[in-house]
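Here is what each chain is made of, one letter per residue.
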Amino acid sequence: MTQTISLLARLIDTLAPRSCTMCGGRLSITEEVICACCNHQLPRTGYSKSAYDNKLVRLFWGRIPIEKGTAFFFYKAHSNTSRLIYQLKYGHHPEIGECLGRIVAAELAQEAFFDEITAVVPVPLARQRERERGYNQSREIARGISAETGLPVLDKVIERISFHGSQTQKGRWERNENVEKAFRLLDASPLNNQHILLIDDVITSGATLVAAAKEVLKGENTKVSVLSLGFANNE
Ligand SMILES: [Zn+2]
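As the structure is a computational prediction, the values presented were derived from the model and not from experiment.

*Asks:* Is there a simple way to explain the sheet that holds strand β1 (residues 69-74) in this structure?
*Replies:* The pairing of strands in a sheet comes from backbone hydrogen bonds and takes either a parallel or an antiparallel form. Across the sheet, four strands lie side by side as β1-β6-β5-β2; this open sheet has parallel pairing. The open sheet has two edge strands with one neighbour each: β1 and β2 (119-122). On average, each strand axis in the sheet is tilted by 20° relative to the strand beside it, whichever way the strands run. When β1 meets strand β6 (residues 223-231), the two strands line up parallel, connected through five bridges.

As structure tokens, then:
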């Protein structure tokens, strides 16, 4: 594929070189967010090859009726992958989400992952949290997936209820309790007869997605699948 690079783009690249979010190396003019080398080295899960039965999907069995699921890469603390997610969530870099959304969607499309999916729903942030952050990282990922696949983003079907106080200051039990009741259905009608792909940045225990999926599944004849960038596979 040949890419036409405008003179202006070349000039900007010379004046303000951009660096790779993972390795810090200089990005070439055709690279976005991560360099080709880091992209190549991302520890991909490969779960899309067995999207109906893999370690991530099994997390949800017995908790919600789930169709299929995958994650782009394995997420590890204190590694390049956690650095990437940290920059996406806390580094004021929403473009990381959109870019990685496009990359993962292009790869998954080759494996027909999106064939039965009819719409994507990003896991919402509580309004206050989103206001502080300026964006919802999951929506940015969904935006990239939508740009690549043409699937619509349903953004107003569920909302996240805000709890007072910081989650991190609470005990584990209280936190789980909060997560279970963290979402509320706003409008079921766009969900009826849809196969929804729920989008999150990182899946760890699955608790957040279970809670969100329960609300989405209140739609009539609604199916749910899940996709995240990272999978914190702790075993
Ligand atoms: Zn790099």
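After that view of the structure, there is still more to cover.
*Asks:* Just to check I follow, could you spell out the packing of helix α4 (residues 80-90) against helix α5 (residues 94-109) for this structure?
*Replies:* If you want to describe how two helices pack, look at the angle between their axes and the distance between the axes. One way to put it is that α4 packs onto α5 with a least axis distance of 6 Å and a crossing angle of 125°. In terms of orientation, α4 and α5 fall into the oblique class. Along the contact surface, α4 presents L84, Q87 and L88, while α5 presents P94, I96, G97 and L100. Residue composition of the contact of α4 with α5, by class: five nonpolar, two polar and no charged.

*Asks:* In this structure, what is going on with the nonpolar core? I would like to understand it.
*Replies:* Residues I34, L84, F114, I145, L197, I199 and L229 are the most contacted members of the largest nonpolar core, which totals 35 residues. At the level of secondary structure, the elements contributing two or more residues to this core comprise β1, α4, α5, α7 (137-149), β5 (195-203) and β6. Of all the elements, α5 adds the most residues to this core, at seven residues. Discounting chain neighbours no more than four positions away, the residues touching F114 are A105, L108, A109, I145, T149, L151 and L197. F60, L191, I196 and A211 belong to the second largest nonpolar core, which has 28 residues in total.

*Asks:* For this particular structure, what's the right way to read the pattern of salt bridges?
*Replies:* Between side chains of opposite charge, a pair can form as their charged atoms come close. Counting across every chain of the model gives 13 salt bridges. A salt bridge links R143 to E140; its shortest N-O distance comes to 2.9 Å. With R143 and E140 both in helix α7 and three residues apart, this pair spans about one turn of that helix. According to the relative accessible area criterion, E140 is buried, its value standing at 10%. For E159, the salt bridge goes to R184, with nearest N and O atoms at 2.7 Å. Placement of E159 in strand β3 (residues 158-160) and of R184 in strand β4 (residues 183-185) is noted, with a sequence separation of 25 residues between them. Judged by relative accessible area, E159 falls into the buried class, the value being 14%. Here R184 falls in the partly exposed class, since its relative accessible area comes to 44%. Each of E32, E98 and R102 takes part in a single network of salt bridges with overlapping partners.

*Asks:* Even after reading the chapter, I still don't get the coordination of the zinc ion, so can you show me in this structure?
*Replies:* Each pair of donors in an ideal four-coordinate tetrahedral metal site encloses 109.5 degrees, whereas pairs in an ideal six-coordinate octahedral site enclose 90 or 180 degrees. For the zinc ion, the full set of protein donor atoms is C20 (SG), C23 (SG), C35 (SG) and C38 (SG), at a range of 2.3 Å. Coordination at the zinc ion is tetrahedral, judged from the four donor atoms that bind it and the angles of 104 to 117° they form at the metal. Sequence spacing among the residues donating to the zinc ion works out to C-x2-C-x11-C-x2-C. With C20 in the loop between α1 (7-15) and α2 (36-41) and C38 in helix α2, this residue pair connects regions lying 18 residues apart in the sequence. Just as C20 is buried, C38 falls in that class too.

*Asks:* What am I meant to see in the side chain of Q137 here?
*Replies:* With respect to the helices and strands, the residue Q137 is situated in helix α7. Overall, Q137 belongs to the buried group, its relative accessible area being 4%. If near-sequence neighbours (up to four positions away) are discounted, Q137 is found in contact with L88, K89, L125 and D201.

*Asks:* It is not clear to me how the packing of α5 against α7 should be interpreted in this structure. Could you clarify?
*Replies:* Packing of α5 against α7 brings their axes to within 6 Å, and their N-to-C directions diverge by 40°. As the angle between them shows, α5 and α7 are arranged oblique. The element α5 and its partner α7 pack so that their crossing is right-handed. Along the contact surface, α5 presents P94, G97, E98, G101, R102, A105 and A106, while α7 presents E140, I141, R143, G144, I145, A147, E148 and T149. For the contact of α5 with α7, the residue count by class is six nonpolar, four polar and five charged.

Criteria and cut-off values
- Counting restarts for each chain, with residues numbered from 1 along the sequence as it is written.
- Confidence filtering applies because this is a predicted model: local features only for residues at pLDDT of at least 70, side-chain atom pairs given and counted only at 80 or more, and all residues used for totals across whole chains, interfaces and linings.
- Based on all heavy atoms of the structure, the side-chain values leave hydrogens and waters out of the count.
- By the convention used here, strands pair only if DSSP detects at least 2 bridges between them.
- The way it works is that DSSP assigns letters per residue, a run of H or I at least four long becomes a helix, a run of E at least two long becomes a strand, and they are numbered from the N terminus.
- Only the contacting stretch of a helix is used when fitting its axis, a line to C-alpha atoms as for every element, and angles between N-to-C directions run 0 to 180 degrees.
- With respect to orientation, any angle under 35 degrees is reported as roughly parallel, any angle over 145 as roughly antiparallel, any angle of 65 to 115 as roughly perpendicular, and every other angle as oblique.
- Whether two residues touch is decided by their heavy atoms; if any such pair falls within 4.5 Å, the residues are in contact.
- Under the scheme applied here, ten amino acids are nonpolar (Ala, Val, Leu, Ile, Met, Phe, Trp, Tyr, Cys and Pro), four are charged (Asp, Glu, Lys and Arg), and all others, including Gly, are polar.
- Buried Ala, Val, Leu, Ile, Met, Phe, Trp, Tyr and Cys residues that are joined via side-chain atoms within 4.5 Å together make up what is termed a nonpolar core.
- Note on exposure labels: buried denotes an accessible area under 20% of the residue type's maximum, exposed denotes more than 50%, and partly exposed covers the range between, all computed with a 1.4 Å probe on protein chains only.
- Salt bridges are defined as contacts in which a side-chain nitrogen from Lys or Arg sits within 4 Å of a carboxyl oxygen from Asp or Glu.
- For Na, K and Ca the donor cut-off is 3.2 Å, while for other metals it is 2.8 Å, and in both cases only N, O and S atoms qualify; water is not among them, so sites may look incomplete.
- Here the metal geometry follows the donor angles, with tetrahedral for four donors whose angles all fall between 85 and 135 degrees, square planar for four and octahedral for six when opposite donors are more than 155 degrees apart and every other angle is between 65 and 115, and irregular for all the rest.
- A clockwise turn of the near helix away from the far one marks a right-handed crossing, whereas an anticlockwise turn of less than a right angle marks a left-handed crossing.

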